[in-house]
Amino acid sequence: QVQLVESGGGLVQAGGSLRLSCTSSGRTFNYSPMGWFRQAPGKEREFVAAHDWKGGSTTYADSVKGRFTISRDNAKNTLSLQMSSLKPEDTALYYCAQGGFLKIPGIQARDYDSWGQGTQVTVSS
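Residues numbered from 1 in each chain as written. Predicted model: local features only at pLDDT ≥ 70, side-chain atom pairs only at ≥ 80, totals over all residues. Heavy atoms only, no water.

Caption draft 1: Layout of the packing of aromatic side chains. Taken as a whole, this structure holds seven aromatic pairs when the rule is applied. Judged by centre distance (5.4 Å) and plane angle (75°), the ring pair of F37 and Y112 falls under edge-to-face. Here Y112 lies in the loop between β9 (92–98) and β10 (114–115) and F37 lies in strand β4 (residues 34–39), a separation of 75 residues in the sequence. Y112 matches F37 in its accessibility class, with the two residues each being buried. A connected cluster of aromatic rings, assembled from ring pairs, spans F37, F47, Y95, Y112 and W115. Against the face of Y95 rests R45, its NZ or CZ located 3.8 Å from the ring centre. (Phe/Tyr/Trp six-rings, centres within 6.5 Å; stacked < 30°, edge-to-face > 60°. Helix = DSSP H or I, 4+ residues; strand = E, 2+ residues; numbered from the N terminus. Buried < 20%, exposed > 50% of the residue type's maximum accessible area, 1.4 Å probe, protein only. Lys NZ or Arg CZ within 6 Å of the ring centre and 35° of its normal.)

As structure tokens, then:
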């Protein structure tokens, strides 16, 4: 049973920055794709960014490309999301997700097996 714990959310003004972190308890972290998703009130959960397990390949939603950077530290079982130039529309509950062993990263929620509880990001205008 993989447990994911996110941290780093908070309230920030538009144009500001935040760094989210996610720590995984899973022994297969080094060989699992990782992703960030978000869900705003009244909206469906949407893909934000993904990181593969082997070559450092990353994928971003168009809405965050150039502003967000996903990274991972396999030695610490940690996934991060550096968010810059934040906009009010980035306000949401952000979730960390871990995919299956040796799987490729996906952009759909169904591509991931384990989820954290989420960390709230609120961007004021």
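Next, the rest of the story.
Caption draft 2: Molecular detail of the pairing of strand β1 (residues 4–7). Burial along β1 is one-sided: L4 and E6 are buried, and none of V5 and S7, which face the opposite way, are. Alignment of β1 against strand β3 (residues 18–24), held across four bridges, turns out to be antiparallel. Bridge pairing in β3 places V5 opposite T23. (Pairing = 2+ DSSP bridges.)

Caption draft 3: View of the state of the cysteines. For the structure shown, the criterion picks out one disulfide. Between C22 and C96 runs a disulfide, and the two sulfur atoms are separated by 2.0 Å. Handedness here is read from the sign of the S-S torsion; for C22 and C96, about -70°, the answer is left-handed. Of this pair, C22 sits in strand β3 while C96 sits in strand β9; the two residues are 74 residues apart in sequence, bridging distant segments of the chain. The burial state of C22 is the same as that of C96; both residues are buried. (Disulfide = S-S within 2.5 Å.)

Caption draft 4: How the structure looks around the pairing of β4. β4 sits mainly inside the fold: five of its six residues count as buried. Counted along the chain from β4 to the antiparallel partner strand β5 (residues 46–51), the turn is six residues long, and its residue G42 has a positive phi close to 80°.

Caption draft 5: Inspection of the side chain of T119 at higher detail. Assignment of secondary structure puts T119 in strand β11 (residues 119–124). In terms of polar contacts, T119 uses its side chain to reach the backbone amide nitrogen of G9, at 3.1 Å. Sequence-distant contacts of T119, that is, excluding residues within four places in its chain, are made with E6, S7, G8, G9, L20, A92, L93 and Y94. (Polar contact = N/O pair within 3.5 Å; in protein donor to acceptor, adjacent residues only side chain to side chain. Contact = heavy atoms within 4.5 Å.)

Caption draft 6: Inspection of a nonpolar patch on the surface at higher detail. A grouping of Y31, F101 and L102 is seen on the molecular surface, where their side chains present a nonpolar patch of about 320 Å² in accessible area. Position of Y31 among the secondary structure elements: in the loop between β3 and β4. Overall, Y31 belongs to the partly exposed group, its relative accessible area being 42%. (Patch = residues over 30% accessible without salt bridge, like charges linked within 9 Å, V, L, I, M, F, W, Y side chains within 5 Å. Areas by Shrake-Rupley, 256 points an atom, 1.4 Å probe, with all protein chains shown as cover. Salt bridge = Lys/Arg side-chain N within 4 Å of Asp/Glu carboxyl O.)

Caption draft 7: Representation of the environment of T69. Within the fold, T69 resides in strand β7 (residues 68–73). For T69 and S114, which are 45 residues apart along the polypeptide, the C-alpha to C-alpha distance reads 21 Å. If we skip the residues at most four places from it in the chain, T69 touches Y60, S80, L81 and Q82.

Caption draft 8: The pattern of salt bridges, seen in detail. Overall, the coordinates contain four salt bridges when judged by the stated rule. Between D62 and K65 there is a salt bridge whose closest N-O contact spans 3.1 Å. Just as D62 is exposed, K65 falls in that class too.

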